[in-house]
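What the coordinates show
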Protein chains: 2
Amino acid sequence: MEENDESEIIEHHDDEEMEKRRTPWRNHSLSDKEGVNGGCSTQPSHRLLAYSDALISIIATVMILPVAHTKFQEDEALLSTKIAVYLMTFLIVTVAWTAHIRLFQVIERIDDTLALLNLACMMLITFLPYTFSLMATFPNNILGILLFCACVIVIGLIQAVIVLYGFSRPFLLNDQIQASVNQDYYKQHILKVIMRVPIMCLFASIFSFIFFPLWIRSKVLGGRIEESPDSMPFYTYQPSEPLSKERVEAFSDGVYAIVATLLILDICEDNVPQPSVVRKEFNNNLIAALQSYGPEYLAYFGSFATVGLLWFVHHSLFLNVTKATRLMGLFNTFSLAFVGGLPLAYQLTHESPRGSRNELEAVQISCVIIFFAGLFQLAMFVVALFTEREALHPYVHYGGCEHTFMLAKLSLYPCVALGTFFITCILSRFSTAVFHMMEIGIPVAFLLLRLLLRLALAFLRWLFCSERAPVEDEHSRLPISDIVT
Amino acid sequence: MEENDESEIIEHHDDEEMEKRRTPWRNHSLSDKEGVNGGCSTQPSHRLLAYSDALISIIATVMILPVAHTKFQEDEALLSTKIAVYLMTFLIVTVAWTAHIRLFQVIERIDDTLALLNLACMMLITFLPYTFSLMATFPNNILGILLFCACVIVIGLIQAVIVLYGFSRPFLLNDQIQASVNQDYYKQHILKVIMRVPIMCLFASIFSFIFFPLWIRSKVLGGRIEESPDSMPFYTYQPSEPLSKERVEAFSDGVYAIVATLLILDICEDNVPQPSVVRKEFNNNLIAALQSYGPEYLAYFGSFATVGLLWFVHHSLFLNVTKATRLMGLFNTFSLAFVGGLPLAYQLTHESPRGSRNELEAVQISCVIIFFAGLFQLAMFVVALFTEREALHPYVHYGGCEHTFMLAKLSLYPCVALGTFFITCILSRFSTAVFHMMEIGIPVAFLLLRLLLRLALAFLRWLFCSERAPVEDEHSRLPISDIVT
């Protein structure tokens, strides 16, 4: 009996995995699985992709560390350079990640050679942030640019090899391409798109020997060339091109997880007092010694809670969204880039002396970051609403029963951040107190959101005697009773 | 024509769904899906689990950072304390993670409240390493122990609340428990198991006021109590209790990803030279300034490649394994704990002055770490072989066609590490050269492994004129041709 149960559990898990691949052209995961059972030379690619997502999300958030370790009062120009480097790295690494998604939407099965080639590609991608910080520190030296270009060129070459390898073994490819008669056309188109960036970089690195600013201009122009739309479902330049939803989720999870733990990394390393110091200065009273780190702990718990709740909102959003497009991916990247700044902002908030001008600024910066992180999440929902038939579950369609609740979840953080910002402008003396109240209030608000929303709707109905509210109310109660029965 | 293909794929998918309807429990996963479509109050839990895995894997590897930042020559006693703290934290966080897996094998669907409760639980788990390093730094102060116990107690209470909440809404539970008549028995058993550790901690913290060493003894004894085996598939104490394979993979991916990027974190932060220094000391020659960091880059690429290839072996292993048990999970933890030390070992290798005694030691430490990391991976395979009918895909069964290849993959690293270790003992003057040759040779060996293995088999056949080799050879060629046709 026990054995039987166990195998059932495993089957169930497999099942779940199948369910995860809901996007239309992952359907052939069945044939994919047959490949595995037949022999291990071809393998499903999902774990390779999960590992790549984890690596890229770590690398994208790495450059926030130098920012976080710069003292606020020390050097404002240096801080702003570092923030710029962080944002640029984040965007460039995300671009590399998007290219990676598109590549592995074409190549759906892997074998050992592809896995090793992909690891080589990852190694170079993880080196990009360093070249970028060289560029920023030595703007007058072309070495940083050359290193960056060399990395991009080699990454492009490896990806081209991956494409050529994939097309030479068509059973690795996406089934749609596999079934198509003009595979060669696909191959050439994909190679052309992949090699455009490395070739541009090659020219750029040649140019950079001659004249600097040209490089930047050619890059900006080159990256944005619009193609005439063709019948290809991959490698188009349209904002509605689908991106693998699972990978957007995996990447976001990685970023949220690292950002949430950024402060504890520092705390574990720096905030354990030296035994000798405790003996001399605090008379062996460890609690007194630890009290001096109080603000750091507060900052850690505050930032963990905020990042965790933003992840929670993101999670709810992606439960309701059935398809991720490139435009939504772009907004997601912007949102994540702001999230990356959160721990820094929180640290600043608790570092500055009480009641100082810096403290007010730090609190306001935190509010602005939270506001934009939330706003871009909301923007994703709005984008999904524009094509609601394809991109949203039926029950969150405009006017649908869960629509209001979702909207309330998404707008809670932007609204509260905006409110806190203006309150701190007026009551500048109590800025930290207001901020702390926000920190404590928001988790409670999320827990009670459904209740609060119902109260608000009832209040609105009472105020305007409108007819719409009771309908929504009824609907939002429906699904629960559906499941219970 | 293209549309036709797609509809065929969809039909294929429908087929799959029909199949699901036949088995009793797949029915539930269908209703589960309906539940999601009907309203978002219940949600599949896979993304919550993925996020938790990411958080826990980061936290488990955090404590290697203080180790990596300790200079080797500085203080050997401090270094060994830190390594001990790292290993203990890794194990304790992994225990917390195992408890988390078991909990969410019982509760299979979540809602908003559970998601928020889980985030609170995660926040406390991420705080555990800090309490641990307090304990290690101040062994004579009970504050660290008290904090640790407080965390564990609160984590236990939150998990108990999660269980109570889950059993009060049975549609969130595992279908097997949902269908069972004695839910109350299950509930009490699970609560008992969950609350045992917190209650033990409560007693421990009371004891610790009175007498210290008692705590440690009670913990060791308490954790190992063997239960009489009962009919429960969850919360047993048997080494063969299944652990969710996806989550073991996700956790391992997280650890490998963080360990692979540990060195680039440091490089990005510390190894960008100051512009003023370059101007003064290197006469504005950036390349010369960067050359002094040469060993760091080498260490980074070396450790990335090694960690990446160990991930690759792990990935191949888990492709062939159909089920993860607690014993395999334990070996996996040991393997990962050694992997976490790799970047440190590599850094030591490239930091020590050439030809010194320290350099030889560092190279040998690296070899030992690689050896054990690989050995525990091999141990997982051996454990799986013991119950090969359940735990392995049919084609890797003992004597099966892929069995030899898998074994070669798994034993490559331990063998090479052992070989390098003994060579460096003999040729101690050339230890670094040997080590570098190993670094370059191993990726090539992996690429050509199938070819090398075939050559080796042919050589053995030639040597012993045995009859078995050609059979294996034929088999190992079979699957590829199967897929091509």
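Residues numbered from 1 in each chain as written. Chains lettered and ligands numbered in written order. Predicted model: local features only at pLDDT ≥ 70, side-chain atom pairs only at ≥ 80, totals over all residues. Heavy atoms only, no water.

1. Some remarks on the overall build of chain A
For chain A, the count of helices and strands is 21 helices and four strands. Taking all 485 residues of chain A together, 58% fall into the buried category. For chain A, contacts bridging at least 24 residues in sequence account for 77% of all contacts bridging at least 6. (Helix = DSSP H or I, 4+ residues; strand = E, 2+ residues; numbered from the N terminus. Buried < 20%, exposed > 50% of the residue type's maximum accessible area, 1.4 Å probe, protein only. Contact = heavy atoms within 4.5 Å.)

2. Some thoughts on the domain arrangement of chain A
A common way to state how big an interface is: give the accessible area lost once the parts meet. Residue and element names in this part refer to chain A. As assigned here, chain A comprises domain 1 (43-215) and domain 2 (245-462). Across the contact, 27 residues belong to domain 1 and 23 residues belong to domain 2. Here Arg247 makes a salt bridge to Asp53, at a shortest N to O gap of 2.7 Å. Here domain 1 and domain 2 share three residue pairs in polar contact (both at pLDDT 80 or more) between them. Listing elements by their share of the side of domain 1 that touches domain 2, those giving two or more residues are helix 3 (46-62), helix 4 (64-68) and helix 5 (76-106). When residues in the side of domain 1 that touches domain 2 are grouped by element, the largest group, eleven residues, is from helix 5. For the side of domain 1 that touches domain 2, the residue count by class is 16 nonpolar, eight polar and three charged. (Domains from an automatic or database assignment. Salt bridge = Lys/Arg side-chain N within 4 Å of Asp/Glu carboxyl O. Polar contact = N/O pair within 3.5 Å; in protein donor to acceptor, adjacent residues only side chain to side chain. Nonpolar A, V, L, I, M, F, W, Y, C, P; charged D, E, K, R; others polar.)

3. Comments concerning the packing of aromatic side chains
Per the counting criterion, the structure on display carries 44 aromatic pairs over all chains. Ring geometry for Phe421 of chain A against Phe422 of chain A: centres 5.6 Å apart, planes inclined by 90°, an arrangement best described as edge-to-face. Looking at Phe422 of chain A, the relative accessible area reads 49%, which means it is partly exposed. The interplanar angle of 45° and the centroid separation of 5.9 Å between the aromatic rings of Tyr413 of chain B and Phe446 of chain B together place this pair among those described as tilted. Within this pair, whereas Tyr413 of chain B is found in helix 18 (residues 403-426), its partner Phe446 of chain B is found in helix 19 (residues 431-447), the two being separated by 33 residues in sequence. Here the aromatic cluster, defined as three or more aromatic residues joined through ring pairs, consists of Phe127 and Tyr130 of chain A together with Tyr297, Tyr300, Phe301 and Phe304 of chain B. (Phe/Tyr/Trp six-rings, centres within 6.5 Å; stacked < 30°, edge-to-face > 60°.)

4. Comments concerning the nonpolar core
Counting residues in hydrophobic clusters, the biggest one holds 292 residues, and the most contacted among them are Tyr51, Tyr130 and Phe446 of chain A together with Tyr51, Tyr130 and Phe446 of chain B. With near-sequence residues (within four places) excluded, Tyr130 of chain B lies in contact with Ile267, Cys268, Asn271, Val272, Leu290, Tyr293 and Tyr297 of chain A. (Core = buried A, V, L, I, M, F, W, Y, C linked by side-chain atoms within 4.5 Å.)

5. Some points on a nonpolar patch on the surface
Residues and elements named next belong to chain A. Taken together, the side chains of Val444, Leu447, Leu448, Leu451, Leu452 and Leu455 define a hydrophobic patch exposed on the protein surface, amounting to about 550 Å² of accessible area. At the level of elements, helix 19 (431-447) and helix 20 (449-464) are the ones that each hand at least two residues to the nonpolar patch. Here the nonpolar patch takes three residues from helix 20, the largest share from any one element. Inspection of the secondary structure puts Leu452 in helix 20. (Patch = residues over 30% accessible without salt bridge, like charges linked within 9 Å, V, L, I, M, F, W, Y side chains within 5 Å. Areas by Shrake-Rupley, 256 points an atom, 1.4 Å probe, with all protein chains shown as cover.)

6. Observations concerning the side chain of Ser57 of chain A
Residue and element names in this part refer to chain A. Here Ser57 is to be found in helix 3. According to the relative accessible area criterion, Ser57 is buried, its value standing at 0%. Engagement of the side chain of Ser57 in a polar contact is seen with the backbone oxygen of Ala54, the distance being 2.9 Å. What Ser57 contacts, discounting residues up to four positions off in sequence, is Phe251, Gly254, Val255 and Ile258.

7. So, the packing of helix 14 (residues 294-320) of chain B against helix 16 (residues 357-386) of chain B
Residues and elements named next belong to chain B. Two elements in contact, helix 14 and helix 16, have axes separated by 10 Å at closest approach and are oriented at 5°. Viewed along their axes, helix 14 and helix 16 adopt a mutual orientation that is roughly parallel. Note on element contacts: helix 16 touches helix 14 through Ile370, Ala373, Gln377, Met380 and Phe381, opposite Thr306, Leu310, Val313, His314, Leu317 and Phe318. In the contact of helix 14 with helix 16, the residues fall into eight nonpolar, three polar and no charged. (Axes fitted to C-alpha atoms, helices over the stretch in contact; angles between N-to-C directions. Parallel < 35°, antiparallel > 145°, perpendicular 65-115°, else oblique.)

8. Here's the deal with the environment of His100 of chain B
Residues and elements named next belong to chain B. The topology assignment puts His100 in helix 5 (residues 76-106). When the C-alpha positions of His100 and Asn285 are compared, they lie 54 Å apart, and in sequence the two are 185 residues distant. Other than its neighbours up to four places away in sequence, His100 contacts Leu49, Ser52, Asn118, Met122 and Arg247.

9. A short note on the pattern of salt bridges
All chains considered together, the criterion is met by twelve salt bridges over all chains. One salt bridge connects Asp253 of chain B with Arg47 of chain A, and the closest N-O pair in it is separated by 2.8 Å. Of this pair, Asp253 of chain B sits in helix 11 (residues 245-270) while Arg47 of chain A sits in helix 3, each in a different chain. Here Asp253 of chain B and Arg47 of chain A have matching classes, each one buried.

10. Side note on the environment of Phe312 of chain B
The residue Phe312 of chain B is located in helix 14 in this model. Linking Phe312 of chain B and Thr137 of chain B, residues 175 residues apart in sequence, is a C-alpha distance of 37 Å. When residues no more than four places from it in sequence are discounted, the contact partners of Phe312 of chain B are Asp112, Ala115, Leu116 and Leu119 of chain A together with Lys409 and Phe446 of chain B.

11. With respect to the environment of Ala115 of chain B
Within the secondary structure layout, Ala115 of chain B lies in helix 6 (residues 112-137). Take Ala115 of chain B: its relative accessible area is 0%, and that puts it in the buried class.

12. Description of helix 20 (residues 449-464) of chain B
All names here are of chain B. For helix 20, spanning 16 residues, the distance from its first C-alpha to its last is 22 Å, which sits close to the expected 22 Å at 1.5 Å a residue. All of the buried residues in helix 20 are Leu449, Leu453 and Leu457. Down the axis of helix 20, the buried side of the element spans an arc of 70°, and every buried residue falls inside it. The exposed residues of helix 20 that point more than 90 degrees off its buried face are Leu451, Leu455 and Trp462. (Expected span 1.5 Å × (residues − 1). Arc of directions from axis to C-beta.)

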